[in-house]
Protein chains: 2
Amino acid sequence: MIEPQLAVAPMHRLCKKAGAERVSEAAAKELGKTLEEIGIKIAKVALDYAMYAGRKTIKTEDIEIATRKVMEE
Amino acid sequence: MIEPQLAVAPMHRLCKKAGAERVSEAAAKELGKTLEEIGIKIAKVALDYAMYAGRKTIKTEDIEIATRKVMEE
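Thresholds applied
Residues numbered from 1 in each chain as written. Chains lettered and ligands numbered in written order. Predicted model: local features only at pLDDT ≥ 70, side-chain atom pairs only at ≥ 80, totals over all residues. Heavy atoms only, no water. Least-squares fit on C-alpha atoms with pLDDT ≥ 70 in both. Contact = heavy atoms within 4.5 Å. pLDDT = per-residue confidence, 0-100. Helix = DSSP H or I, 4+ residues; strand = E, 2+ residues; numbered from the N terminus.

## Description of the relation of the copies chain B and chain A
Take chain B, turn it by 180°, move it 0.0 Å along the axis, and it overlays chain A with an RMSD of 0.0 Å. Such a turn and shift between the copies fits a two-fold axis. Same-surface contact between copies: 100% of interface residues of chain B are shared with the interface of chain A.

Structure follows, in structure tokens:
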């Protein structure tokens, strides 16, 4: 079984920040799962960029360009 | 000051899952900030759908359709 990396409580807080009064527990879990998938996708692209630049360490600039690529797709 | 909702440690774990050996602290924070922004965007769209359906509670189906809309843009 895959252990989720993102806790449910912060997902509830994100929804409150978005203006929601109430969020079902299942919906909060779904949001966590979704953000985890997007996060891994961004990190994979960021790693490609880091390696292309001759580094083994992901830096902020790699995350920035990877985010643009993933969100533009 | 805006308090970040997503902790840095899970961001490091997401990057490891993506195959990265090392991630700078600043890059992990950047990934957290990015995912928080994406999460709020998804939650806002989900709330619109919930309200359109006559509900005040965000449900799983709202998160699912909102994710598709946000990621397609």
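Back to the text.
## Brief notes about the confidence of the model for chain A
Averaged over every residue, the pLDDT of chain A is 94; residues scoring 70 or more account for 95%. This prediction of the complex comes with two scores: 0.93 for pTM and 0.93 for ipTM.

## Considering the environment of Glu30(A)
Positionally, Glu30(A) belongs in helix H2 (residues 25–52). Spatially, the C-alpha atom of Glu30(A) lies 12 Å from that of Ala9(A), the residues being 21 residues apart in sequence. Contact partners of Glu30(A), with chain neighbours within four places excluded, come to Thr60(B), Ile63(B) and Glu64(B).

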